[in-house]
Amino acid sequence: MKQHYDVLVIGAGPAGSIAAHKLIQEGKSVLVLEKMTFPRFVIGESLLPHIMDYLDQLDLLEVIGAQKYQVKDGVSFYHNDNKCQFLFNNQVNEDYWKYTWQVKRADFDNVLIQEAQKRGADVIYEATVTAVTNSFNLQTVEFEHPTMGKQTVTATFLLDASGYGRVLPRLKDLEVPSTALPRGAVFTHIRDINRTTDAGKNILIHVFRDNKAWFWSIPFSDGSCSVGIVSDVDFIKECAADDAKEFKRLLNELPELEGRFSNVELLFDPKHILSYSISVKQLYGEGYALCGNATEFLDPTFSSGVMFAVVSGYKAAEMTVKQLNGEVVDWENDYSNYMKKGINVFRTYVDGWYDGRLGTIFFAKERNEEIMKQICSVLAGYVWDENNPFVKKHDKVVTSLARVIEINEGK
Ligand SMILES: Cc1cc2nc3c(=O)[nH]c(=O)nc-3n(C[C@H](O)[C@H](O)[C@H](O)COP(=O)(O)OP(=O)(O)OC[C@H]3O[C@@H](n4cnc5c(N)ncnc54)[C@H](O)[C@@H]3O)c2cc1C
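As the structure is a prediction and not an experimental result, all values here were calculated from the model.

## What to know about the environment of Ser178
Now for step 1: As for its position among the elements, Ser178 is in the loop between β11 (175–176) and β12 (183–191).
Now for step 2: Sequence spacing of Ser178 and Phe297 is 119 residues, and the spatial spacing of their C-alpha atoms is 8.4 Å.
Now for step 3: Ignoring anything within four residues of it in the chain, the contact list for Ser178 reads Ser277, Ile278 and Ser279.

## So, helix α1 (residues 14–25)
Now for step 1: Taking 1.5 Å of rise per residue, 12 residues should cover 16 Å, and α1 covers 16 Å from first to last C-alpha, within 8% of that figure.
Now for step 2: Burial within α1 is extensive, with 11 of its 12 residues counted as buried.
Now for step 3: When we look at burial in α1, the residues that qualify are Pro14, Ala15, Gly16, Ser17, Ile18, Ala19, Ala20, His21, Lys22, Leu23 and Ile24.
Now for step 4: Residues of α1 that are buried in the fold lie against β1 (4–10), β2 (30–33), α2 (50–57), α4 (105–118), β10 (149–160) and α7 (305–324).
Now for step 5: Following α1 by one or two positions, Gly27 has its phi on the positive side, about 80°.

## Remarks on the site of the ligand
Now for step 1: Glu34, Ile43, Ser46, Asn293 and Val306 are the nearest of the 37 residues found near the ligand.
Now for step 2: Contacts to the ligand include Arg105, whose side-chain N or O atom sits 2.9 Å from an oxygen atom.
Now for step 3: Bound to the protein, the ligand loses 96% of the 1000 Å² it would expose on its own.
Now for step 4: For the shell around the ligand, the secondary-structure elements that each account for two or more residues are α1, β8 (128–133) and α7.
Now for step 5: Of the residues that constitute the shell around the ligand, the class distribution is 20 nonpolar, 12 polar and five charged.

The rules behind these values
- Residues numbered from 1 in each chain as written.
- Predicted model: local features only at pLDDT ≥ 70, side-chain atom pairs only at ≥ 80, totals over all residues.
- Heavy atoms only, no water.
- Helix = DSSP H or I, 4+ residues; strand = E, 2+ residues; numbered from the N terminus.
- Contact = heavy atoms within 4.5 Å.
- Expected span 1.5 Å × (residues − 1).
- Buried < 20%, exposed > 50% of the residue type's maximum accessible area, 1.4 Å probe, protein only.
- Near = heavy atom within 4 Å.
- Polar contact = N/O pair within 3.5 Å; in protein donor to acceptor, adjacent residues only side chain to side chain.
- Areas by Shrake-Rupley, 256 points an atom, 1.4 Å probe, with all protein chains shown as cover.
- Nonpolar A, V, L, I, M, F, W, Y, C, P; charged D, E, K, R; others polar.

The values are spatial; any link to function lies outside them.
And the structure:
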């Protein structure tokens, strides 16, 4: 460890790693402080195709491709007997990525950070950041380490990519309650013995409990599969109680799953997480910026979390490089507003998912192919493309389309 770095990054998840890659690519010195030892488990395993644009820019496609992760080329939604499938080769723009991967995050995050290390980033694991002092061009960071003890290091700029650790939001009182209803999730990995070509290799989402709960399955290339349920906090507490007895029962017996997950071996005891939605007052300040889940996390429904982590890590690093190079940068417009624009598009889709508008659209008796392409590009993560009406006027278009379908179907 040097005494001073151009940039210090807190957290080695996708937001922190991608930021470190961009900074190294631009010739800056980087220290990443990570609280855990890697590989470490984290949920969030289904990626979105838009991530590939950033992996490509950072010359990471080959490294990640070599891991032989499960290719994901679409997403399917199920409700009772209705199915709605989006395939990423059917989007509004031919240049958009047509696939991405489903990954065990312990492995994916480890590959990303190890590659950053190979390319020149310094990384210290088991380093928990405990205090930070910021000014325009000097950031002083204290961390604790089991063998190094209490340490102080400085940097010209600081990026907080600490995810749910939310280091700067907590230390600087930046946290605000999320506008999303408190929900939770219970999940595990299973041996996917009943996987068939029919069952498919892509993520599946089954809605149940009158739209109040949904189940995910995310197959991996090693024959295992991530399974989980998302719902209101009380239902998730019920599912997780007594060694997740109710979750295990649903896995075995939920009619929507047609026995696919009956009697399968659980690869670890189910974990649960409650009230995962979070938000902050601001995405940047004097000498620092926040990226990934340290900013805002809405909901897992459309697998947007890692995409936002990657885009924000990359953009924040890009802005940081400009500032370090003496350029005047507009953090408000070019970073904060940019990120919020994309997040707000997904907010409409998350709200529309839970209030039923999206169900009306996805499971309509007749579906317009052009409209499905436009929605597919949103679900692929292209939420900044204002040529797509489902991005530009997201709320209005989703609401009106759902209403028209309801009228046509006599609801
Ligand atoms: C139930 C559920 C399902 C999800 N499913 C998906 C999905 O399918 N697809 C998807 O894209 N997203 C999904 N997500 C979201 C996804 O988990 C996150 O958006 C993503 O992990 C954010 O990445 P990150 O790099 O910001 O944070 P993280 O991956 O959480 O990394 C942050 C790192 O910071 C470290 N850290 C924390 N505090 C400190 C500290 N004080 N000092 C040093 N280091 C610290 C942590 O140890 C951690 O390694 C899901 C979320 C939930 C709750």
